[in-house]
Amino acid sequence: MLPGRRLVRVLPLLLCVLLAGCAARPADTTGRDVRRAVADWSRVPPGALSGIPLEGWTYEVASVRRDGARALVRAELRYRLAGYDTAPGGSARELELVRAAGGGPWLVRADRPAPGAPPQLWDQGPVSVVRGAHSLVLGGAGQSREVLAGIAAEADRAVPAASAAWPGPWAGRVVVLVPGSLERMAQLLGRPADEYRGMGAVTTGRVGAGPAPADRVVINPEGYAELGGAGRRVILTHEVTHVATRAATSATTPLWLSEGFADWAAYRGTSTTPEQGAPALARAVRRGEVPAGLPRAEEFAFGGDPEALAGAYEGAWLACRLIADRWGEAALVGLYEKAGREPWPTAVREALGRDPAGLTEEWQEALRKEFR
């Protein structure tokens, strides 16, 4: 036999040894089995959440990591609140599974927020549910049904008020989350508690194109409790207006217009005067400190000078009030709609027949006259 022919026959044999045999090895089914276990376990929401109108409850598995008879799964929880959400909300989760003795099935032993991800309200304890005519209020651990019913009644008043100010299409209903404390509120939002201290409520949700997101109004139970009836009405109408206008709000919408419109909707139909609703701005103008321009986005950041922050919100409200009084409410709504889809100079010119500089000058002059 020639040496070359011998080499040709030996090489396949060596390759088979190195690869642990030429016969096909059984496929590793661990990942598939774990994914199937997650799918079977998550077919219905947990029994503890049966009072919440959940639908579309699914876990989209992103990765599986096995360590012997234990597996960690990263997944995205998707769900909607029936009758309230037109698009699903999301939550990054980490699931822990263990395998039954003797090679039995995989079983889910823990479901928690993924590292670095904010929790869901039910991660903080039992959830109470109160339904209003236009609202769904979910209360965290420690919240009484009496408190939740009062918030539902206030939200039910806020929804028609927001609809009267914003004639554009929206669902006409709102979901309100009431965590057990300021700290738990901050956990839900994934931010430091100090950013929300003194606030009554905030609204979640993204801006931009696509289906309307699953907006939530989140109550700061400590700040909300300090408000009187009128203050609660203003706060909730403001936040509900953000929900109503969300689909028309984009990255091009000036923040002062978004915040000012929400305040305008909240004060609309009340007897609140500029002197009463804008005390910080009134003090500044009387000191000769008329703002150099409409409030910039950074002026709405919490954690800085509270007087400056109050002045930014007040100036935004009075700018929207001026537009509604001088050009009409329809023009203000039209400006908001155009600002969400067109460059700001174009939106101002088409809605009001002014350029941005001209609008700013009229606003400054109105402040001087109001607070002289």
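Please read these numbers as outputs of a predicted model, since none were measured by experiment.

Conventions adopted
Residues numbered from 1 in each chain as written. Predicted model: local features only at pLDDT ≥ 70, side-chain atom pairs only at ≥ 80, totals over all residues. Heavy atoms only, no water. Helix = DSSP H or I, 4+ residues; strand = E, 2+ residues; numbered from the N terminus. Contact = heavy atoms within 4.5 Å. Pairing = 2+ DSSP bridges. Axes fitted to C-alpha atoms, helices over the stretch in contact; angles between N-to-C directions. Buried < 20%, exposed > 50% of the residue type's maximum accessible area, 1.4 Å probe, protein only. Polar contact = N/O pair within 3.5 Å; in protein donor to acceptor, adjacent residues only side chain to side chain. Arc of directions from axis to C-beta. Parallel < 35°, antiparallel > 145°, perpendicular 65-115°, else oblique. Nonpolar A, V, L, I, M, F, W, Y, C, P; charged D, E, K, R; others polar. Phe/Tyr/Trp six-rings, centres within 6.5 Å; stacked < 30°, edge-to-face > 60°. pLDDT = per-residue confidence, 0-100. Salt bridge = Lys/Arg side-chain N within 4 Å of Asp/Glu carboxyl O.

### Re the overall build of the chain
For the chain, the count of helices and strands is 13 helices and nine strands. Here the analysis covers contacts within the chain between residues at least 6 apart in sequence; of these, 60% occur between residues at least 24 apart.

### Focus on the sheet that holds strand 4 (residues 106–113)
Reading across the sheet, the four strands line up as 1-2-3-4 and stay open at both edges, with antiparallel pairing between neighbours. Every other strand in the sheet has two partners, leaving strand 1 (54–67) and strand 4 as the edge strands with one partner each. Each adjacent strand pair in this sheet contributes to an overall mean axis angle of 30 degrees, direction not counted.

### A closer look at the side chain of Glu96
Structurally, Glu96 can be placed in strand 3 (residues 89–99). For Glu96, a relative accessible area of 18% gives the class buried. For Glu96, the side chain forms a polar contact with the side chain of Arg70, separated by 3.0 Å. Other than its neighbours up to four places away in sequence, Glu96 contacts Arg70, Ala71, Leu72, Leu107, Val108, Arg109, Ala110 and Arg112.

### Things to note about the sheet that holds strand 5 (residues 128–131)
Within the open sheet, the five strands sit side by side as 5-6-7-9-8. Their pairing is mixed. Two strands close off the open sheet at either side, each with one partner strand: strand 5 and strand 8 (201–203). For this sheet, the mean inter-axis angle between neighbouring strands, taken without regard to orientation, is 20 degrees. Note that strand 7 (residues 174–178) and strand 9 (residues 217–219) share two bridges and pair parallel. Opposite Val176, over in strand 9, you have Val217 as the bridge partner. The sheet contacts of helix 6 (residues 229–245) involve strand 7, strand 8 and strand 9, and relative to strand 8 the element is tilted by about 5 degrees.

### Brief notes about helix 4 (residues 182–189)
Within helix 4, burial applies to Leu182, Met185, Ala186 and Leu188. One side of helix 4 carries all its buried residues, which in axial view fall inside an arc of 155 degrees. Among the residues trailing helix 4, Gly190 stands out with phi positive, at a value near 70 degrees.

### What to know about the packing of helix 10 (residues 306–327) against helix 11 (residues 329–339)
Here helix 10 crosses helix 11 at 130 degrees, and the two axes come no closer than 6 Å. For the element pair helix 10 / helix 11, the angle class is oblique. Residues Cys320, Ile323, Ala324 and Trp327 of helix 10 lie in contact with helix 11, whose contacting residues are Glu329, Ala331, Leu332 and Leu335. For the contact of helix 10 with helix 11, a count of residues per class yields seven nonpolar, no polar and one charged.

### As for the side chain of His242
By the element assignment, His242 lies in helix 6. With sequence-adjacent residues up to four places away left out, His242 is seen in contact with Thr203, Asp215, Ser258, Glu259 and Ala262.

### What to know about the packing of aromatic side chains
The tally for this structure, following the rule as stated, stands at 12 aromatic pairs. Pairing Trp166 with Tyr336 gives two aromatic rings, centres 5.5 Å apart and planes at 70 degrees, and the pair type is edge-to-face. You can see Trp166 sitting in the loop between helix 3 (145–165) and strand 7 and its partner Tyr336 sitting in helix 11, a full 170 residues away along the chain. Given the relative accessible area of 3%, Trp166 is considered buried. Here the aromatic cluster, defined as three or more aromatic residues joined through ring pairs, consists of Trp41, Trp57, Tyr59, Tyr79 and Trp122.

### Quick look at the confidence of the model for the chain
Scored by pLDDT, the chain comes out at a mean of 90, with 90% of its residues at no less than 70. Every residue in residues 1–28 scores below 50 in pLDDT, and together they form four contacts with partners more than four places removed in sequence or on other chains.

### Quick look at the pairing of strand 5
In the sheet, strand 5 pairs with strand 6 (residues 135–139) via four bridges, with the strands oriented antiparallel. Pairing of Val129 across the sheet is with Leu138, part of strand 6.

### A short note on the pattern of salt bridges
One pass over the full model with this rule turns up 25 salt bridges. In this structure, Arg246 and Asp215 form a salt bridge, with 3.0 Å as the shortest nitrogen-oxygen distance. Here Arg246, found in the loop between helix 6 and helix 7 (255–267), pairs with Asp215, found in the loop between strand 8 and strand 9; they are 31 residues apart in sequence, far enough to count as distant. Summarising the burial analysis for this pair, Arg246 and Asp215 share the class buried. As a salt-bridge pair, Arg368 and Glu365 come within 3.5 Å of each other at their nearest N and O atoms. One end of the pair, Arg368, and the other, Glu365, are both in helix 13 (residues 356–370), three residues apart, so they sit about a helical turn from each other. A residue is classified by how much of its surface remains accessible, and Glu365, at 36% relative accessible area, is partly exposed. In this structure, a network of salt bridges that share partners links the residues Arg70, Arg74, Glu94, Glu96 and Arg112.

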